[in-house]
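Fold and geometry: a report
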Amino acid sequence: MRKNIVAGNWKMNNDLPATEALILDLLKQEQTSNAEVMIAPTTVSLFQAFNATKNSNIEVIAQNMHYAESGAYTGEISASMLKSVGVKTVILGHSERRAYFNETDELLAKKVDAALKNNMRIIFCFGEELTDRKAGNQEKIVGSQIKNALFHLEAAAFKHIVLAYEPVWAIGTGETASPKQAQDMHQFIRQTLNTKYGNQVADDMTILYGGSVKPANAKEIFGKPDVDGGLIGGAALKSQDFYAIINAF
Ligand code: PGA
């Protein structure tokens, strides 16, 4: 079933006290929509964040993980480690991971497999750069990012995957894709899934938009038929803005 989801990607912001303070603030907000709510604090705060949100409908998710189960990967975190602190969902393929940590489609395919093997849900991110869009190549780029990292999977695996289209030129820049640009791309993504896996997988897929979503533009973007929610960066760090976006449904 397709769901509405609003996920806050906190990136490398908020130490432990700030994480606890922001969660306290979030818990005071009123939710009037039925969207699923997720927050992705930094790894060192996941355990406390999980405990602090236990009696709420906020799900605490991770920003990244390694593909290996364990071993000599200094500084890395495995799926089972995330699960051991209560985390069941992980963001994979964020453009910042791709750009600054050289995450390729090939590596992401391995991370996807590891997360699924550990029964985790994945928010899989992808999106074109400004030069791609200017050259009219956005569908070609997005299509290949999806195919290269996900199309080795069986149809059943897609029950555990949420897609997040995040045009790189709109992330943290204040520039948003227009609702029409978002809708056109989301429709293309659904069509791409349909061609490979058929109607059911395509119709059931939750596809989030990410890139400078704010209270002021959320309603119009979420109003588009193929946009099922948002992955929110900057605006997720302010409790009132985050809930204004959640309640935009
Ligand atoms: P932004 O970030 O909302 O600050 O543009 C979105 C994201 O990177 O997920």
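Structure shown above.
Residues numbered from 1 in each chain as written. Predicted model: local features only at pLDDT ≥ 70, side-chain atom pairs only at ≥ 80, totals over all residues. Heavy atoms only, no water.

**Quick word on the overall build of the protein**
Keep this limit in mind: We count a stretch as a helix when DSSP gives it H or I for four or more residues in a row; a strand needs E for two or more, and each element gets its number in order from the N terminus. Radius of gyration: over C-alpha atoms. The globule rule applied is 2.2 Å multiplied by the number of residues raised to the 0.38 power. Buried, partly exposed and exposed residues are distinguished by accessible area as a fraction of the type maximum, computed with a 1.4 Å probe on protein chains only: under 20%, between the cut-offs, and over 50%, respectively. Contacts were defined at the residue level, with two residues in contact if any of their heavy atoms lie within 4.5 Å. The protein chains shown are the only cover counted for residues, whose accessible areas, like all others here, come from Shrake-Rupley with a 1.4 Å probe. Only four residue types enter the tally: Lys and Arg on the positive side, Asp and Glu on the negative side; His and the chain ends are excluded. Where a charge lies is defined by one atom per residue type: Lys uses NZ, Arg uses CZ, Asp uses CG and Glu uses CD.
Within the protein one finds eleven helices and eight strands. Compactness check: the protein gives a C-alpha radius of gyration of 17 Å against a globular reference of 18 Å for 249 residues, within 12% of the reference. Taken along the three principal axes of its C-alpha coordinates, the protein extends 45 × 45 × 35 Å. Evaluated residue by residue, the protein yields a buried proportion of 51% over its 249 residues. Considering only contacts in the protein between residues 6 or more positions apart, those separated by 24 or more positions represent 71%. If you sum the accessible surface of the protein, you get close to 11500 Å²; carbon and sulfur atoms cover 51% of it. A distance of 2 Å separates the average location of the 25 positive side-chain charges in the protein from that of its 27 negative side-chain charges.

**Description of the packing of aromatic side chains**
Note the following rule: By convention, a stacked pair of Phe, Tyr or Trp rings (six-membered ring in the case of Trp) has centres within 6.5 Å and planes under 30 degrees apart, an edge-to-face pair has planes over 60 apart, and any other such pair is tilted.
Inspection of every chain in the model, using the stated rule, returns seven aromatic pairs. Here the aromatic rings of F124 and F126 are separated by 6.1 Å at their centres, their planes lie at 35°, and the arrangement is tilted. A single burial state applies to F124 and to F126, both of which are buried. Geometrically, the ring pair formed by F242 and Y243 is edge-to-face, given 6.0 Å between the ring centres and 85° between the ring planes. One aromatic cluster in this structure is built from F151, F158 and Y197.

**Things to note about the sheet that holds strand β3 (residues 58–60)**
Stated formally: In this analysis, strands are considered paired if DSSP registers two or more bridges between them. Lines are fitted to the C-alpha atoms to define the axes, a helix being fitted only along its stretch in contact, and any angle between axes, read from their N-to-C directions, falls within 0 to 180 degrees.
Within the open sheet, the eight strands sit side by side as β3-β2-β1-β8-β7-β6-β5-β4. Their pairing is parallel. Across the chains shown, the open sheet's two edge strands, defined by having one partner strand only, are β3 and β4 (89–92). Shown here is a sheet whose adjacent strand axes are inclined to one another by a mean of 25°, direction ignored. Here strand β6 (residues 161–165) runs beside strand β7 (residues 207–210); their pairing, made up of three bridges, is parallel.

**Comments concerning the pattern of salt bridges**
To be explicit about the condition: Basic side-chain nitrogens of Lys or Arg form a salt bridge, by our definition, when they fall within 4 Å of a carboxyl oxygen of Asp or Glu.
According to the stated counting rule, one finds 14 salt bridges in the structure shown. Between D228 and R2 there is a salt bridge, with its nearest N and O atoms 3.0 Å apart. Note that D228 is positioned in the loop between α10 (215–222) and β8 (229–232) and R2 in the segment before β1 (5–9), a separation of 226 residues in sequence. A residue is classified by how much of its surface remains accessible, and D228, at 4% relative accessible area, is buried. Given the relative accessible area of 27%, R2 is considered partly exposed. Close ionic contact of E36 with K3 constitutes a salt bridge, the shortest N to O distance being 3.7 Å.

**Observations concerning the site of the ligand**
The following threshold applies: We call a residue near a molecule or strand when any one of its heavy atoms sits within 4 Å of it. Whenever two N or O atoms come within 3.5 Å, that pair is a polar contact, provided that in protein one can donate a hydrogen and the other can accept it, and provided that, for residues adjacent in sequence, both atoms are side-chain atoms. Residues are grouped as follows: Ala, Val, Leu, Ile, Met, Phe, Trp, Tyr, Cys and Pro are nonpolar; Asp, Glu, Lys and Arg are charged; all remaining types, including Gly, are polar.
Around the ligand, the structure places 13 residues, and the nearest of them are K11, H94, E166, G172 and S212. Here an oxygen atom of the ligand sits 2.7 Å away from a polar atom, N or O, in the side chain of K11. In the environment of the ligand, an oxygen atom lies 2.8 Å from a nitrogen or oxygen atom belonging to the backbone of G234. Contact with the protein chains removes 96% of the 280 Å² of surface that the ligand exposes when unbound. For the shell around the ligand, a count of residues per class yields four nonpolar, seven polar and two charged.

**Here's the deal with the packing of helix α5 (residues 105–117) against helix α7 (residues 138–150)**
The line we're drawing: For classification purposes, angles smaller than 35 degrees are called roughly parallel, those larger than 145 roughly antiparallel, those between 65 and 115 roughly perpendicular, and all remaining angles oblique. Handedness of a crossing is defined here by the sense of rotation of the near helix relative to the far one, left-handed for an anticlockwise turn of less than a right angle and right-handed for a clockwise turn.
For the pair α5 and α7, interaxial distance at closest approach is 7 Å and the crossing angle is 50°. Taken together, α5 and α7 sit at an angle that is classed as oblique. For α5 against α7, the interelement crossing comes out right-handed. Where α5 abuts α7, its residues D105, L108, A109 and V112 lie against S144, Q145, N148, A149 and L150. By residue class, the composition of the contact of α5 with α7 is five nonpolar, three polar and one charged.

**Things to note about the pairing of β7**
Regular strands show a simple pattern: their side chains alternate between the two faces of the sheet. The criterion, for reference: Call a crossover right-handed when, viewed with both strands pointing away from you, the route from the first strand across the helix to the second goes clockwise.
Where burial is concerned, the two faces of β7 agree: the one with I207 and Y209 and the one with L208 and G210 are both buried. Bridge analysis of β7 against β8 gives two bridges, and the strand direction is parallel. Bridge assignment links G210 to a residue of β8, and that residue is L231. The parallel pair β7 and β8 is bridged by α10, and the resulting crossover is right-handed.

**Description of helix α8 (residues 179–197)**
Quick reminder of the rule: In this analysis, the expected span of each helix is defined as 1.5 Å times one less than the number of residues it contains.
Between its first and last C-alpha atoms α8 spans 26 Å; for 19 residues at 1.5 Å apiece the expected length is 27 Å, and the two agree. Where α8 is concerned, the buried positions are P179, A182, Q183, M185, H186, I189, R190, T192, L193 and Y197. A positive phi of about 95° marks G198, the residue just after α8.

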